[in-house]
Amino acid sequence: MLLYPAIKDLLNQVPSRYMLVNMVASRARKLSSEAEVSGEPLNEKAVSLAINEVASGALRIEGLNEEP
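Predicted model, so just to flag it, every value in this text is computed and none were measured.

Reading the values: rules and limits
Residues numbered from 1 in each chain as written. Predicted model: local features only at pLDDT ≥ 70, side-chain atom pairs only at ≥ 80, totals over all residues. Heavy atoms only, no water. Buried < 20%, exposed > 50% of the residue type's maximum accessible area, 1.4 Å probe, protein only. Helix = DSSP H or I, 4+ residues; strand = E, 2+ residues; numbered from the N terminus. Arc of directions from axis to C-beta. Polar contact = N/O pair within 3.5 Å; in protein donor to acceptor, adjacent residues only side chain to side chain. 1 Å grid on protein atoms, 1.4 Å probe; cavity = no way out; pocket = protein on both sides within 12 Å on 5 of 7 lines; lining within 4 Å. Points joined across faces, edges and corners; volume = space filled by probe spheres on them. Nonpolar A, V, L, I, M, F, W, Y, C, P; charged D, E, K, R; others polar. Salt bridge = Lys/Arg side-chain N within 4 Å of Asp/Glu carboxyl O.

Enquirer: So what exactly am I meant to see when it comes to helix 3 (residues 46–56) here?
Expert: Every α-helix carries 3.6 residues per turn, so stepping three or four residues along brings you back to the same face. Looking only at helix 3, the buried set comprises A46, A50, E53 and V54. Down the axis of helix 3, the smallest arc covering the buried residues is 100 degrees, so these residues share one side. G57 sits one or two positions beyond helix 3 and adopts a positive phi of about 90 degrees.

Encoded structure:
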């Protein structure tokens, strides 16, 4: 099975696999919920959309690189 984007590329955006899984799952649930409320079907699976958002840099961790 070929995975695109590769995990190593996704981990360049997120510091750990655990955080990556949590981010993607949370965003996928939100996308599914929004699609259900609006009544519009998703063109791709919600998890795929969330992974693509992480890969493109559109989905980031709040406060990760901010100074205290």
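Enquirer: Help me understand the environment of R60 in this model?
Expert: Tracing the backbone shows R60 in the segment after helix 3. In sequence terms R60 and Q13 are 47 residues apart; their C-alpha atoms lie 7.6 Å from each other. A distance of 3.3 Å separates the side chain of R60 from the backbone oxygen of G57, its partner in a polar contact.

Enquirer: Could you clarify how one ought to interpret the layout of surface pockets in this entry?
Expert: Using a probe with the size of a water molecule, rolled over the atoms, empty space left in the structure can be pinpointed. Estimates place the volume of the largest pocket at around 160 Å³. Lining the largest pocket are M23, S26, R27, K30, L59, R60, I61 and E62. Each residue belonging to the lining of the largest pocket can be placed in one class, and the counts come to 3 nonpolar, 1 polar and 4 charged.

Enquirer: Is there a simple way to think about the pattern of salt bridges in this case?
Expert: Side chains that carry opposite charge are capable of pairing whenever their charged atoms lie near each other. Counted under the stated rule, the structure contains 1 salt bridge. Residues E53 and R27 are paired through a salt bridge, measuring 2.7 Å at the closest nitrogen-oxygen approach. Here R27 lies in helix 2 (residues 17–38) and E53 lies in helix 3, a separation of 26 residues in the sequence.

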